[in-house]
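What the coordinates show
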Amino acid sequence: MAKDSFLVGLIGAGIGPSLSPALHEREADRQGLRYLYRLIDIDRLGLPPRSVGDLVRAARDLGFDGLNITHPCKQLVIGHLDALAPQAEALGAVNTVVFEDGRATGHNTDVTGFAASFARGLPDVPLERVVQLGAGGAGAAVAHATLTLGAGRVTVVDALAERAVDLAAGLNRHFGAGRAAAATPDRLADLLPGADGIVHATPTGMAAHPGLPFAAELLRPGLWVAEVVYRPLETELLRAARAAGCATLDGGGMAVFQAADAFRLFTGREPDAARMLSDIGELAGAVTAPK
């Protein structure tokens, strides 16, 4: 008999505004499932990030079916798992943990989520030279996704130079020498004129971090801009990019497709991503169609 009741959760810091509970529970309701998605906020619990291992063990002992993992625990959780799916192992980051037969297996649906959103929203853009802002957890996932989609070369730009260098080195090991390079933000004015597109994967533009990640004057027609931030869906960067004549992709699609992939892993059921895209339109404001 197919299982129809699920208990899942999200471990991270400052996750009160997360749309994951609503995205998962709405889709479960439509499929006739009993599905409870709990937030486990280490800030509210007064716990350090390294406590993620204790929380994963507690969730497994309490009968959870799985967990999503977000900042700042995506790397820290790895040492507390029994197995890693190939993508999570290659990336060195986990955002989804599935409990089955007493074992905890780590997956990464950020990679597949961004890839699916990009293929849907910017299907025909050139990918020879891509500049990516941000080399953190989300940045690592979207850089892997962009190269998996066929990008010729990704230049990773981060204010923390060592972080950009480490990510570029890991990408070159996985995808082949010369596929990635590292740079600091002061080089953006030199990099963007020769780029096909830019992926933005820093917190700038989120409700708590308003503003532009770089000068709007660097945007130009023919440059595509893909955003990872989804709260709000309409970031200052996307507004400036559209005003400059750029094709754009908001962060809503990545949020939906990574949630859909996690839902499939937790339940074994096929989610309806189109319905979930409508959900995020209601929950976070209308999803901006690519132009």
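Located above this text is the structure these notes cover.
Residues numbered from 1 in each chain as written. Predicted model: local features only at pLDDT ≥ 70, side-chain atom pairs only at ≥ 80, totals over all residues. Heavy atoms only, no water.

1. So, the environment of D61
Operational definition: By definition, any uninterrupted DSSP run of H or I lasting at least four residues is a helix, any uninterrupted run of E lasting at least two residues is a strand, and each is numbered from the N terminus.
By the element assignment, D61 lies in helix α3 (residues 52-61). C-alpha separation for the pair D61 and F114, spaced 53 residues apart in sequence, amounts to 32 Å.

2. Re the pattern of salt bridges
Cut-off, in case you're wondering: The salt bridge criterion pairs a side-chain nitrogen of Lys or Arg with a carboxyl oxygen of Asp or Glu, the two atoms within 4 Å.
Under the counting rule described, the total for this entry stands at 15 salt bridges. Of the charged contacts, one joins R26 and E282 as a salt bridge, the two residues approaching to 3.1 Å between their closest N and O atoms. Of this pair, R26 sits in helix α1 (residues 20-30) while E282 sits in helix α11 (residues 273-284), and the two are 256 residues apart along the sequence. What emerges from the salt-bridge pattern is a single network uniting R26, E27, R30, D272, R275, D279 and E282.

3. Some thoughts on the packing of helix α5 (residues 109-121) against helix α6 (residues 137-148)
The description of two packed helices rests on the angle between their axes and on the distance between the axes. Heads up, the condition is: Structural elements are reduced to axes, namely lines fitted to C-alpha atoms, with helices fitted over the stretch in contact, and the angle between N-to-C directions of any two is expressed from 0 to 180 degrees. Angle categories: roughly parallel below 35 degrees, roughly antiparallel above 145, roughly perpendicular from 65 to 115, and oblique for all the rest. Definitions for this section: a left-handed crossing has its near helix turned counterclockwise from the far helix by less than a right angle. A right-handed crossing has that turn clockwise. The contact criterion used is simple: two residues touch if any of their non-hydrogen atoms lie within 4.5 Å. Amino acid classes used here: Ala, Val, Leu, Ile, Met, Phe, Trp, Tyr, Cys and Pro are nonpolar; Asp, Glu, Lys and Arg are charged; the rest, including Gly, are polar.
Across the interface, α5 lies against α6 with an axial gap of 8 Å and an inter-helix angle of 50 degrees. In terms of orientation, α5 lies oblique with respect to α6. The way α5 lies across α6 gives a crossing that is right-handed. Contacts from D110, V111, F114 and A115 of α5 reach α6 at A141, V142, H144, A145 and T146. Taken together, the residues of the contact of α5 with α6 break down into 6 nonpolar, 2 polar and 1 charged.

4. Brief notes about the sheet that holds strand β12 (residues 248-249)
Let me state the cut-off plainly: Here a strand pair is declared whenever DSSP counts at least two bridges between the two strands.
The 6 strands are arranged β9-β8-β7-β10-β11-β12 in an open sheet whose pairing can be described as parallel. The sheet is open, and its two borders are formed by β9 (180-183) and β12, each paired with just one other strand. In the packing of helix α9 (residues 236-243) onto the sheet, contacts are made with β10 (197-200), β11 (224-227) and β12, and the angle to β11 comes to roughly 165 degrees.

5. Comments concerning α3
Selection rule: Think of it in three bands: with a 1.4 Å probe and only protein chains considered, a residue is buried below 20% of the maximum accessible area for its type, exposed above 50%, and partly exposed in between. The arc in question is the one spanned by the directions pointing from the helix axis to the C-beta atoms.
Those residues of α3 that sit buried are V52, G53, L55, V56 and A59. Around the axis of α3, the buried residues are gathered within 165 degrees of arc, so they sit on the same side. Structurally, α3 contributes buried residues whose contacts are with β1 (5-12), β2 (34-41), α2 (42-45), β3 (66-69) and β5 (96-100). Directly beyond the C-terminal end of α3, a positive phi value near 90 degrees is found at G63.

6. Brief notes about the sheet that holds β5
Pairing within the open sheet is mixed, and its 6 strands lie in the order β2-β1-β3-β5-β6-β4. The sheet is open, and its two edges are formed by β2 and β4 (83-84), each paired on a single side. Pairing of β1 with β3 involves 4 bridges; the strand directions are parallel. In the strand pairing of β3, G9 is matched with L67.

7. Structural notes on the nonpolar core
Under the convention used in this document: To define a nonpolar core, start from buried Ala, Val, Leu, Ile, Met, Phe, Trp, Tyr and Cys residues and group those joined through side-chain atoms within 4.5 Å.
Core analysis: the biggest nonpolar cluster contains 31 residues, and F114, F118, W224 and A226 have the highest contact counts within it. If you list the elements that add at least two residues to this core, you get α5, α6, β8 (153-157), α7 (161-175) and β11. Take this core: its biggest share by element is 6 residues, from α6. Core analysis: the next-biggest nonpolar cluster, separate from the first, contains 19 residues, L133, A195, I198 and L237 among them.

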